[in-house]
Amino acid sequence: MTKDLTLGHPLKIILGFALPIFFGYLFQQFYNVVDTIIVGRFLGVESLAAVGSTGCVHFLVIGFCIGLCSGFAIPVAQRFGGSDYTVMRQFVFNSWILVAIFSVVLATVTMIFCKPLLLLLKTPYDILDKAYDYFIVILAGIPVIMFYNILAGFIRSVGDSKTPLYFLVISAVLNIILDLVFIALFGWGIPGAAYATVISQLVSGILCLFYMNKKFEILRLQKEDKIVSARRISVLLGIGVPMGLQYSITAIGTIILQWSVNLLGSAFVAAMSTAQKISVFFSTPFDALGTTMATYGGQNVGAHKIERLNPGLFWSCTLGAIYSALAFIVMFFFSDFFTYLFISSTESKELVSIVVENTRFFLLMNSSTYFLLALVNIVRFMIQGMGFSKLAVLAGVFELIGRTVIAIVFVPLFGFKGACLASPLAWVLADTFLIFAYFACRKKLL
C-alpha cells in the first residue's frame, strides 16, 4: 500500500502522486465553495460578506493547524524514505501527543479572542454578529481539523495519496447534504454552514484512522514505539511550528489587506470573498504540487538521493506553468459566470454590478500571475521536505511585506482595484527569496 518516491522518472512519480491530492483538494474546495454559494443564495449578500470577512482570520488559525500537521508528517516521510521504520513510528506517536496539546490550546485561545479580533479587523457592524456566529463554530472544530490533517499527512508520507482523496469525496458529498439540511431545511442560518463543515471533516478523519490502522502495518504503533521522546518532539516542533507559522505570517498580510477592504463597505467585502473563493478553487493544483514536493523532497533526502531534487523541481514547475496558462484562459471567459453562482437573484442591480465588476478584476489580475503562485508552493514545500522549514518561513515574511504595502498604500489610493495587486506582489517577493534559498539548501545537503 506504500509508494516509494525515490525510484522512477520524476515526472511520472510526481504526476501520479499529485493527481489524487489535487482531486482531494478540489473536492475540499468544492464543498467550501458550495458552503458559500448556499449561504449567498439562501441567506443573501450580507451573510455572504459575513462568511467572507472571516476568511483571512480562518487562514491565520486553520492554516497554522494544517501547516503544523504537514510539518509533523515530514520526519515520518524522511524515515520512511530511509527505511527506518521504528523511528518513523516513534515520530507518529509523539506527533499524536503534540496534536492533542495544540488542538485544545488553539481552540480555547482563539474562541476567547474571536470577537475582539473581528472588531480589530473593522468588520462592518451590519455583518459582525453573523461573522462571529459562523467563525466560533469553526474554531471549536479545530481538534477535528487537526485530527484529519495529521492522519492524511501520515498516509501521504508513506506514498499513498489516493486514500485521502476517497475520504474527502465522501466528506464533500456529506458537507453539501448537511449544508442544505441545516440551512434550507432547519433554518440554522450561517452557523449551519460551519456545523456542516466540521461534521463532514470529522467523518473524513475517522475513516482515515480506521483505514490507516487496518492497511498500514508499518504505521501501526507497538508498545515499544509509545515512547515520549524529548528528542523526537524537538525535531517535530522544529519542522512543524515553522511550517505553521509560514501560513500564519502569510495570513497576517491577508488580515491587514482584509482590514483595508472592510473599510470600503460590505459590497466590496462580498466581492473579495467571492473572488477569493473562486481563486482558491482554481489554485488547488498548486497546493497539490506543493504537498507532493514536500513528500518527494522528504523521501529523497531520507534516502540520500539529492541528485533527484532538481529534476523533480523542474517537472513540477513545468506542470505548474501549463496549468497556469489554462486557468487564465478559463478565468478570462468565465469569471462573470462563476461570480453569478454566488449571488441571489433578489439582490439590487447596483449591488450585483459592484460585486461582479470587482470580482472579475480580482480574478483576472490574480490568474494572469498564477505561475508565480505555482513557484511559491512548489519551491517552498520542496525546501520544507528537504528539512529546512525554518528557512521557508522567511518566504511568508516577504508575502507579508507585499500585502502590507498594498493595504497601507495602494488601497487608500486606488480602492478595491489596489487590493487586487496584493497577491501578485507578495508572490514576486516570495519567489525571489525562495529560488535562491532552494539552491543554497541543496548545496548544503550535497
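### Some details on the environment of F182
Here F182 shows up in helix α8 (residues 163-185). The buried category is assigned to F182, whose relative accessible area is 8%. Separated by 12 residues in the primary sequence, F182 and A194 place their C-alpha atoms 9.7 Å from one another. Sequence-distant contacts of F182, that is, excluding residues within four places in its chain, are made with G187, W188, G189, G192, Y195, A196 and I199.

### A closer look at the confidence of the model for the protein chain
Caution applies to low-pLDDT parts of the model: their predicted coordinates are not meant to be read in detail. In the predicted model, the protein chain carries a mean pLDDT of 84, and the fraction of residues at 70 or more is 96%. When mean pLDDT is compared element by element in the protein chain, helix α4 (residues 85-112) scores highest at 92, while helix α2 (residues 45-53) scores lowest at 70.

### Describing helix α16 (residues 389-414)
The first and last C-alpha atoms of α16 sit 36 Å apart over 26 residues, in line with the 38 Å expected at 1.5 Å per residue. Approximately 35 degrees is the largest bend angle found in α16, and it occurs at A407. For α16, the complete set of buried residues consists of S389, A392, V393, A395, G396, E399, G402, R403, T404, I406, A407 and V411. Contacts from the buried residues of α16 go to α10 (230-262), α15 (370-385), α17 (416-419) and α18 (422-445). The positive-phi residue at the C-terminal boundary of α16 is G415, with phi of around 70 degrees.

### Remarks on the environment of A267
Following the sequence through the fold, A267 ends up in helix α11 (residues 266-282). Here A267 falls in the buried class, since its relative accessible area comes to 15%. Setting aside chain neighbours within four positions, we find A267 in contact with L351, I354 and V355.

### Description of the side chain of R380
Looking at the secondary structure, you find R380 in helix α15. There is a polar contact of 2.9 Å between the side chain of R380 and the side chain of E399. Leave out the neighbours within four places in its chain, and R380 touches Q246, T250, L375, A392, A395, G396, E399 and L434.

### Some remarks on a nonpolar patch on the surface
On the surface, I322, L326, F328, I329, F332, F333, F334, F337 and L341 cluster together into a nonpolar patch covering about 910 Å² of accessible area. With respect to the helices and strands, the residue L326 is situated in helix α13 (residues 309-340).

### Side note on the environment of I354
By the secondary structure assignment, I354 is in helix α14 (residues 349-367). Each C-alpha atom, one on I354 and one on A270, is 9.5 Å from the other, the two residues being 84 residues apart in sequence.

### Some words on the packing of α4 against α10
To characterise two packed helices, one gives the angle between the axes of the helices and the distance between these axes. Between α4 and α10, the shortest axis-to-axis distance is 9 Å and the interhelical angle comes to 65 degrees. Both α4 and α10 take part in a crossing whose hand is right-handed. Packed against α4, whose contacting residues are V87, Q90, F91, N94, S95, L98 and F102, the element α10 presents R232, I233, V235, L236, L237 and V241 at the interface.

### Examining the nonpolar core
Of all hydrophobic cores here, the largest spans 127 residues; its most connected members are I142, L219 and I383. In terms of residue count, helix α7 (residues 142-157) provides more of this core than any other element does, 11 residues in total. Within the second largest apolar cluster, 6 residues are counted, among which are I74, I239, M243 and F381.

### Considerations on the packing of aromatic side chains
Within the structure shown, the criterion is met by 21 aromatic pairs. Ring centres 5.5 Å apart and planes at 70 degrees place the aromatic pair F286 and Y370 in the edge-to-face group. Pair noted here: F286 is in helix α12 (residues 284-302) and Y370 is in helix α15, with a separation of 84 residues, a long-range link. Judged by centre distance (6.0 Å) and plane angle (35 degrees), the rings of F410 and F414 are tilted. Taken as a pair, F410 and F414 lie in helix α16 at a separation of 4 residues, close to a single helical turn. Residue F410 is classed as partly exposed on the basis of its relative accessible area of 27%. Following the ring pairs from residue to residue traces out a cluster consisting of F182, F186, W188 and Y195. In this arrangement the basic side chain of K417 is found over the ring face of F361, its NZ or CZ atom lying 5.3 Å from the centre.

### Overview of the pattern of salt bridges
Under the criterion given, the structure shown has 5 salt bridges. Ionic pairing is found between E357 and K417, a salt bridge with its closest N-O pair at 3.7 Å. Here K417 lies in helix α17 and E357 lies in helix α14, a separation of 60 residues in the sequence. The partly exposed category is assigned to E357, whose relative accessible area is 40%. Accessibility expressed as a relative area gives 34% for K417, which makes it partly exposed. Residue E399 pairs with R380 through a salt bridge whose shortest N-O separation is 2.9 Å. Within this pair, whereas E399 is found in helix α16, its partner R380 is found in helix α15, the two being separated by 19 residues in sequence. Exposure class is identical for E399 and R380. Each is buried.

### Looking at the state of the cysteines
Scanning the model with the defined rule gives 0 disulfides in all. The closest cysteine sulfur to the non-disulfide-bonded C69 is located on C65, 6.9 Å from its own sulfur. With a relative accessible area of 1%, C69 lands in the buried category. Of all cysteine sulfurs, the one in C441 lies closest to C317, which takes part in no disulfide; the gap is 15 Å.

Procedures and definitions
Residues numbered from 1 in each chain as written. Predicted model: local features only at pLDDT ≥ 70, side-chain atom pairs only at ≥ 80, totals over all residues. Heavy atoms only, no water. Helix = DSSP H or I, 4+ residues; strand = E, 2+ residues; numbered from the N terminus. Buried < 20%, exposed > 50% of the residue type's maximum accessible area, 1.4 Å probe, protein only. Contact = heavy atoms within 4.5 Å. pLDDT = per-residue confidence, 0-100. Expected span 1.5 Å × (residues − 1). Bend = angle between axes of the 7 residues up to and from the residue. Polar contact = N/O pair within 3.5 Å; in protein donor to acceptor, adjacent residues only side chain to side chain. Patch = residues over 30% accessible without salt bridge, like charges linked within 9 Å, V, L, I, M, F, W, Y side chains within 5 Å. Areas by Shrake-Rupley, 256 points an atom, 1.4 Å probe, with all protein chains shown as cover. Salt bridge = Lys/Arg side-chain N within 4 Å of Asp/Glu carboxyl O. Axes fitted to C-alpha atoms, helices over the stretch in contact; angles between N-to-C directions. Left-handed = near helix turned anticlockwise from the far one by under 90°. Core = buried A, V, L, I, M, F, W, Y, C linked by side-chain atoms within 4.5 Å. Phe/Tyr/Trp six-rings, centres within 6.5 Å; stacked < 30°, edge-to-face > 60°. Lys NZ or Arg CZ within 6 Å of the ring centre and 35° of its normal. Disulfide = S-S within 2.5 Å.

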